[in-house]
Amino acid sequence: MELQLALDLVDIPGAKEIVGEVAEYIDIVEIGTPVVINEGLRAVKELKEAFPSLRVLADLKIMDAGGYEVMKASEAGASIITVLGVSDDTTILGAVEEAKKQNTQVMVDMINVKNIEERAQEIDRMGVDYICVHSGYDHQAAGISSFEDLLVLKRVVKQAKTAIAGGIKLDTLRQVIEAGPDLVIVGGGITGQADKRATASEMKQLVSRA
Ligand SMILES: O=C([C@H](O)CO)[C@H](O)[C@H](O)COP(=O)(O)O
C-alpha cells in the first residue's frame, strides 16, 4: 500500500516547502486541482524538477479531451493524471491510449459517480491504472464519506489498482487500511497538522505495514 500527499491550498513555493518536510514518507505527490487552476502545469513541472524521485500526480479531473490533456500533463512531468469517472467512455479511453504512449498512468476519480458498482466494472475494463473513490470537499462538508464505496471497489475491480481520497486523517486511517486499497490519498490530514513530518511518518508506517 502506498501513500499520496495531496497539495490543494498552496502556491508553488508552499508546495515545495511541504514536500521538503515529508518527502521521505510519501510515494506520490499530488498537484491538486486548485493548484493547477492557480499555477497551471508549471506546478507539476517545478515539483518534478525539485523532487525527481517522487512520482507527481496531476489532479486535472479531466472531463473531455482526455488524450490531449494527458499529453500536456505528461509532458510537464506527471506520472499519473486524473480523469473523471462520470466522463464519456471515449474520454477515458483517449486518456488511456495517450498515457500508454507517454509511459504515464491514468487514475479515474469516481467523485459524484452514482452507480459506483456498475461504472467501476466498466472503467476497469478500459485499462485504467487506478480507480479512486473520492469524497470531495463539498461532500465532506455534507458529512459524506467514500469508505462504503471503497468496499464496493474492492469487491468488483479486478484489474486496476484501487485508491481512496477525501478527508482521511490519522484517526480514520486504520479503518481505511483494513479495507485494503492500493493507495491512500491524504491532503489536509497532513498539510493541516502542526507537525506535518511526524504525521506523515506515522501514516507511512501504518500504510507500509499493510
Ligand atoms: O481532490 C481533492 C479535492 O477535490 C480538491 O481538489 C483533494 O486533493 C482530496 O480530497 C484529498 O484532500 P483531503 O480531502 O484534504 O484529504
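This report concerns the structure included in the present document.

The rules behind the values
- Residues numbered from 1 in each chain as written.
- Predicted model: local features only at pLDDT ≥ 70, side-chain atom pairs only at ≥ 80, totals over all residues.
- Heavy atoms only, no water.
- Near = heavy atom within 4 Å.
- Polar contact = N/O pair within 3.5 Å; in protein donor to acceptor, adjacent residues only side chain to side chain.
- Areas by Shrake-Rupley, 256 points an atom, 1.4 Å probe, with all protein chains shown as cover.
- 1 Å grid on protein atoms, 1.4 Å probe; cavity = no way out; pocket = protein on both sides within 12 Å on 5 of 7 lines; lining within 4 Å.
- Sits in = over half its atoms within 2 Å of the grid points.
- Helix = DSSP H or I, 4+ residues; strand = E, 2+ residues; numbered from the N terminus.
- Nonpolar A, V, L, I, M, F, W, Y, C, P; charged D, E, K, R; others polar.
- Points joined across faces, edges and corners; volume = space filled by probe spheres on them.
- Contact = heavy atoms within 4.5 Å.
- Axes fitted to C-alpha atoms, helices over the stretch in contact; angles between N-to-C directions.
- Left-handed = near helix turned anticlockwise from the far one by under 90°.
- Buried < 20%, exposed > 50% of the residue type's maximum accessible area, 1.4 Å probe, protein only.
- Pairing = 2+ DSSP bridges.
- Right-handed = clockwise from strand over helix to strand, strands pointing away.

1. Comments concerning the site of the ligand
As a matter of local geometry, the ligand sits amid 15 residues, with Asp8, Gln140, Gly167, Gly187 and Gly188 nearest to it. Within the side chain of aspartate 8, a nitrogen or oxygen atom sits 2.7 Å from an oxygen atom of the ligand. Here an oxygen atom of the ligand and a backbone polar atom of glycine 167 are 2.9 Å apart. Out of a free accessible area of 400 Å², the ligand has 92% covered by protein chains. Given that more than half its atoms are within 2 Å of the pocket grid, the ligand belongs to the largest pocket. Of all the secondary structure elements, the ones that give two or more residues to the shell around the ligand are α2 (33-39), β3 (55-62) and α7 (137-141). Of the residues assigned to the shell around the ligand, the class counts are four nonpolar, seven polar and four charged.

2. Focus: the layout of surface pockets
Computed from the structure, the largest pocket encloses a volume of approximately 620 Å³. Take the lining of the largest pocket: its biggest share by element is four residues, from α7. Looking at the lining of the largest pocket residue by residue, the class counts come to 16 nonpolar, 14 polar and seven charged. In this model, the second largest pocket occupies a volume close to 160 Å³. What lines the second largest pocket is a set of 14 residues, and nearest its centre among them are Ser145, Gly166, Gly167, Ile168 and Thr172.

3. Things to note about the side chain of threonine 162
Mapped onto the fold, threonine 162 is located in strand β7 (residues 161-165). Beyond its immediate chain neighbours, meaning those up to four positions away, threonine 162 contacts Ile131, Leu153, Lys154, Val157, Gly180, Pro181, Asp182 and Leu183.

4. Here we look at the packing of helix α1 (residues 12-22) against helix α3 (residues 42-50)
Where α1 meets α3, the axes come as close as 10 Å, and the angle between the chain directions of the two elements is 35°. Taken as a pair, α1 and α3 cross one another with a handedness that is right-handed. Seen from α1, the contacting residues are Ile12, Ala15, Lys16 and Val19; seen from α3, they are Arg42, Ala43, Glu46, Leu47 and Ala50. When the residues that make up the contact of α1 with α3 are grouped by side-chain class, the tally is six nonpolar, no polar and three charged.

5. Points about the pairing of strand β6 (residues 130-134)
By the criterion of burial, β6 is predominantly enclosed, with five of the five residues buried. Side-chain alternation along β6 places Tyr130, Cys132 and His134 on one buried face and Ile131 and Val133 on a second face that is also buried. Sheet topology places strand β5 (residues 105-109) next to β6; three bridges connect them, and they run parallel. When the sheet's bridge partners are listed, aspartate 109 is paired in β6 with cysteine 132. Handedness of the crossover is the feature at issue here: the chain leaves β5, passes through helix α6 (residues 116-124), returns alongside β6, and the resulting connection is right-handed. By the bridge criterion, five bridges tie β6 to β7 in an arrangement that is parallel. From the neighbouring strand, isoleucine 131 faces β7, where its bridge partner is threonine 162.

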